[in-house]
Amino acid sequence: MKTKVLFFIMSVFFFVNTNAQCAMCRAVLESEEGQGAAKGINNGIVYLMAVPYILIFGVAYFIYRKYFRKPKS
């Protein structure tokens, strides 16, 4: 169990530093000087990728809480 929790925490920390651009976007944006637009596009892609995972995690949490709640004494 500790290994799974550690793996999850490490995955979250490494998720922040990923580059999520496709090959075509990267080729076009690397030719620009200053790289400001490239950083903006990359942040937008990561944001759009993260939202569905957060929603699925939230639904799974509420389902888990509903079915595995300890009965009150």
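Rules of the game
- Residues numbered from 1 in each chain as written.
- Predicted model: local features only at pLDDT ≥ 70, side-chain atom pairs only at ≥ 80, totals over all residues.
- Heavy atoms only, no water.
- Helix = DSSP H or I, 4+ residues; strand = E, 2+ residues; numbered from the N terminus.
- Areas by Shrake-Rupley, 256 points an atom, 1.4 Å probe, with all protein chains shown as cover.
- Phe/Tyr/Trp six-rings, centres within 6.5 Å; stacked < 30°, edge-to-face > 60°.
- Patch = residues over 30% accessible without salt bridge, like charges linked within 9 Å, V, L, I, M, F, W, Y side chains within 5 Å.
- Salt bridge = Lys/Arg side-chain N within 4 Å of Asp/Glu carboxyl O.
- pLDDT = per-residue confidence, 0-100.
- Expected span 1.5 Å × (residues − 1).
- Buried < 20%, exposed > 50% of the residue type's maximum accessible area, 1.4 Å probe, protein only.

Student: I tried to follow the overall build of the protein on my own but got confused; where do I start?
Tutor: When its secondary structure is counted, the protein shows 3 helices and 0 strands. Ordered by position from the N terminus, the helices and strands of the protein form the series α-α-α. As displayed, the protein offers around 7,000 Å² of accessible surface, 71% of which is attributable to carbon and sulfur atoms.

Student: Before we go on, may I ask you to explain the packing of aromatic side chains in this structure?
Tutor: Both the distance between ring centres and the angle between the ring planes are used here to describe each pair of aromatic rings. This structure, assessed with the given rule, holds 2 aromatic pairs. Between Tyr61 and Phe62, the ring centres sit 5.5 Å apart and the planes meet at 65 degrees, which makes this aromatic pair edge-to-face. Here Tyr64 and Phe68 contribute two aromatic rings whose centre-to-centre distance is 5.2 Å and whose plane-to-plane angle is 35 degrees, an arrangement assigned as tilted.

Student: I keep staring at a nonpolar patch on the surface and nothing clicks. Help me out?
Tutor: Among the surface-exposed residues, Met1, Val5, Leu6, Phe8, Ile9, Met10, Val12 and Phe13 lie close enough to one another that they form a single nonpolar patch of about 830 Å² accessible area. You can see Phe13 is positioned in helix α1 (residues 2-15).

Student: Where do I start with the confidence of the model for the protein in this structure?
Tutor: Detailed reading of predicted coordinates is not advised where the pLDDT is low. Of all residues in the protein, 77% attain a pLDDT of 70 or more, and the chain-wide mean is 78. Between the elements of the protein, mean pLDDT differs from a low of 70, seen in helix α2 (residues 23-30), to a high of 87, seen in helix α3 (residues 36-67).

Student: What should I look at first to understand α3 in this one?
Tutor: Given 3.6 residues to a turn, an α-helix orients residues that are three or four positions apart in the same direction. With 32 residues, α3 should reach 46 Å at 1.5 Å per residue; the first-to-last C-alpha distance of 47 Å fits that figure. When α3 is considered as a whole, its buried residues turn out to be Ala38, Asn42, Val46 and Ala50.

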